[in-house]
Each structure stands twice: as structure tokens, then as C-alpha cells.
Amino acid sequence: MNPASDSSFQNSSPFTRSLLAPNPGPMSLDGTNSYIIAGPDARGVVIVDPGPLDESHLAALAAAGTVELVLITHRHKDHTEASLRFHELTGAPVRAADPVQCHGGEPLRAGEVIYAAGVEIRVLATPGHTSDSVCFHLPGDGPDGSVLTGDTILGRGTTVLDYPDGRLGDYLSSLDTLESLGPATLLPAHGPVLPAVDAVCREYQAHREMRLEQIREALARLGAQAGVQAVTDAVYPDVDPSVRWAAETSVAAQLDYLRG
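None of these values were measured; they are calculated from a predicted model.

What counts as what
- In every chain, residue numbers begin from 1 and rise along the written sequence.
- In view of the model being predicted, local features appear only for residues whose pLDDT reaches at least 70, and side-chain atom pairs are presented and counted only at 80 or more, with totals across whole chains, interfaces and linings using the full set of residues.
- Each side-chain value is derived from all of the structure's non-hydrogen atoms; neither hydrogens nor water enter the calculation.
- Lines fitted to C-alpha atoms define the axes here, with helix axes fitted over just the stretch in contact, and angles between the N-to-C directions of these axes take values from 0 to 180 degrees.
- Per the convention used, a helix needs a DSSP run of H or I reaching at least four residues, while a strand needs a run of E reaching at least two, with both numbered from the N terminus.
- Each angle receives one of four descriptions, namely roughly parallel if under 35 degrees, roughly antiparallel if over 145, roughly perpendicular if within 65 to 115, and oblique otherwise.
- Contacts are assigned to residue pairs with any non-hydrogen atoms lying within 4.5 Å of each other.
- Classification used: nonpolar for Ala, Val, Leu, Ile, Met, Phe, Trp, Tyr, Cys and Pro, charged for Asp, Glu, Lys and Arg, polar for all others including Gly.
- We call two strands paired when DSSP finds no fewer than two bridges between them.
- The distinction between a cavity and a pocket rests on a 1 Å grid over the protein atoms alone: a 1.4 Å probe fits inside a cavity but cannot get out, while a pocket stays open yet meets protein on both sides within 12 Å along at least five of seven lines, and a residue with an atom within 4 Å of a point counts as lining.
- Grid points are joined across faces, edges and corners, and a volume is the space filled by probe spheres set on the points.
- A helix's residues, less one, multiplied by 1.5 Å, set its expected span.
- Only protein chains enter the accessibility calculation, which uses a 1.4 Å probe; a residue is then buried when its area is under 20% of its type maximum, exposed when over 50%, and partly exposed in between.
- Note: the arc covers the axis-to-C-beta directions of the helix.
- Any pair of nitrogen or oxygen atoms within 3.5 Å is treated as a polar contact; in protein, a donor-acceptor pairing is required on top of that, and neighbouring residues in sequence qualify only through side-chain atoms on both sides.

A.B. asks: How would you explain the packing of helix 6 (residues 228–235) against helix 7 (residues 244–259) if you had to name every residue and give the values?
C.D. replies: Running from N to C, helix 6 and helix 7 cross one another at 110°; their axes reach a closest spacing of 9 Å. The orientation of helix 6 with respect to helix 7, classified from their angle, is roughly perpendicular. Residue-level inspection shows Val228, Gln229, Val231, Thr232 and Asp233 of helix 6 in contact with helix 7, the latter providing Arg244, Ala247, Glu248, Val251, Ala252 and Leu255. Across the contact of helix 6 with helix 7, the residue classes break down as six nonpolar, two polar and three charged.

Here's what the structure looks like:
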């Protein structure tokens, strides 16, 4: 079977397809969505987040077309582990905001506009999940455009801030940036495609405000200097032990935000 015609490729927008990596888990949901970007009649493709080091997954991505460029949304291993190997397979430069994640390409710059595979790709700095998180806005992708959000916004559930590298103040500003794109199609690195990024941003903002209010109430009961573990017990009393660390990380980020 030709991997490029494999039914495992999903049409995600007029200019994109996705391929789900075989790395499901509590934090990666069904797995990492690697995206293939190509405009009409383009021979070349851009790959976003090649994902884990899985040779069959990489072979399928490499067979999707002549790979002109590889883009990385952020440094986490489930997005970048295969980057160097994929660069070796295709010769395509790998570009990320973090120079450590670049292979044969320059670091991405906030506000940069890239033209590749017949598509205009705008680089948006969206720190918060991590300090190096970026999103890729495709303004010509359908009537309202699309945006590849990495882990800044998920297709299901909400995002964990990788504190102290990721900060809540930065994240709230990034949500404002994405909301300003209007009803662009939301192409997340985990979970399903969603129809309108602005509506999801408002849901995320409301969720963050709810959590902050819960933290404030917990501090009022426990004392202003209560620690992360005590506040986590109060705000996330039923959290599964396997993701307790994520709850504690989120609480730490929120305490840092509230305490300035």
C-alpha cells in the first residue's frame, strides 16, 4: 500500500491532512496529530510535528509528497522525538522556536510569514503551555482560515501548563491572540478538529477563570501561603493518581499568577 493514499490520513481542512501517531496516553489522548500542509496542485508538502520515533509513521509522512519544510509547535518529546530522524530521511529543514529543536533550519521568529507548499503560513508566538510554543495560522485555508495550535489548545479537554517554563499570564495572552483570529478552523495536536478557534478560546478563558476562583476560595480556607499539595487536594480532590502531577503543575502555575 502506498502510505500517501492510506486511509489513516484524515482530511482536516482544505489545505491540510493529519496522520495520527501511535502514541496514545493520558496526556497525548489518542496520540499526536502530525499535519501535512499543501496548497492546491502543490507537489511539495510541509509537515508539522513529526511526532514520536516510529519508522512506519515517518515513512507515511515522507510518502505524502516532497517534504519542503518541517515545523515544530513546541519542544515536548511527543512532537519532536522523530525530528532529527525525519530530517535525515527527507533532507528537509526542521524549524522550531527553540534552536535546540532545529535541524538544518533557522529558529522560527514571532510574526514571521512563511511561503511553502503553495501556502502562506504565519508564525504566532503563543507561550504558556511551554515558553517556546507557537501556532501556525493559515489565513487562506478555507473561508475563515485555519490555525494549527499544537498543545496550546487541544481538541478535547484543556491544556496543562508546563510550569515553571509555561506561565499562566503568558497563556492568557496567547488565548487572546488566538481569539482574535475569529472562527478559524482549529487543528490541534491532540484530539479532533474543532470548527472555530475563537469560541474555544472563550471556553478556555472561562475554564481558567473558574479554576482561579477555586484557588482563591481554597486559599481563603487554607491560608494565603498554602502550598501546592494542600491546594491541589482542595481543588482536585478526585484526580486520578496517574495525572496528579499535572494537577499539581496547574495549581503551581495558578498560585504563581495570583501571587504575582
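A.B. asks: I'd love a proper account of the sheet that holds strand 8 (residues 119–125), names of residues and values included.
C.D. replies: Hydrogen bonds between backbone groups are what pair the strands of a sheet, and the pairing can be parallel or antiparallel. What the five strands build is an open sheet, ordered 7-8-9-10-11; its pairing is mixed. Because the sheet does not close on itself, it has two edges, and the strands there are strand 7 (113–116) and strand 11 (185–188). Sheet twist, expressed as the mean angle between neighbouring strand axes with direction ignored, is 25°. Note that strand 10 (residues 146–150) and strand 11 share four bridges and pair parallel. Bridge pairing in strand 11 places serine 146 opposite threonine 185.

A.B. asks: Which residues make up the layout of surface pockets, and what values go with them?
C.D. replies: Quantified by volume, the largest pocket comes out at close to 620 Å³. For the lining of the largest pocket, the secondary-structure elements that each account for two or more residues are helix 5 (197–222) and helix 7. The greatest single-element share of the lining of the largest pocket, amounting to five residues, is contributed by helix 7. Here the lining of the largest pocket is composed, by residue class, of twelve nonpolar, nine polar and six charged.

A.B. asks: Please give an account of helix 7 that cites residues and values.
C.D. replies: Over its 16 residues, helix 7 runs 22 Å from end to end, which matches the ideal 22 Å to within 8%, given 1.5 Å per residue. Looking only at helix 7, the buried set comprises Arg244, Ala246, Ala247, Thr249, Ser250, Val251, Ala252, Ala253, Gln254 and Leu255. Taken together, the buried residues of helix 7 touch helix 4 (168–179), helix 5 and helix 6. Glycine 260 lies just past helix 7 and shows a positive phi near 65°.

A.B. asks: I'd like a rundown of the environment of glutamate 55, residues and numbers included.
C.D. replies: Of note, glutamate 55 is situated in helix 1 (residues 55–62). Measuring from C-alpha to C-alpha, the distance between glutamate 55 and arginine 85 comes to 9.0 Å, with 30 residues separating the pair along the chain. Filtering out sequence-adjacent residues up to four positions away, glutamate 55 remains in contact with Arg85 and Leu89.

A.B. asks: I'd like a description of helix 6, backed by residues and values.
C.D. replies: When helix 6 is considered as a whole, its buried residues turn out to be Val231, Thr232 and Val235. Projected down its long axis, helix 6 shows its buried positions confined to an angular sector of 105°, all on one face. On its buried side, helix 6 packs onto helix 5 and helix 7.

A.B. asks: Account for the side chain of histidine 74, with residues named and values stated.
C.D. replies: Considering the arrangement of structural elements, one finds histidine 74 in the loop between strand 5 (66–71) and helix 2 (77–80). Within the structure, the side chain of histidine 74 is placed 3.0 Å from the side chain of threonine 73, a separation counted as a polar contact. Within polar-contact distance, the side chain of histidine 74 engages the side chain of histidine 129 at 3.5 Å. Setting aside its immediate chain neighbours within four residues, histidine 74 contacts His79, Thr80, His129, Thr130, Asp132, Ser133 and Asp151.

Shape is all these values report; function is a separate question.
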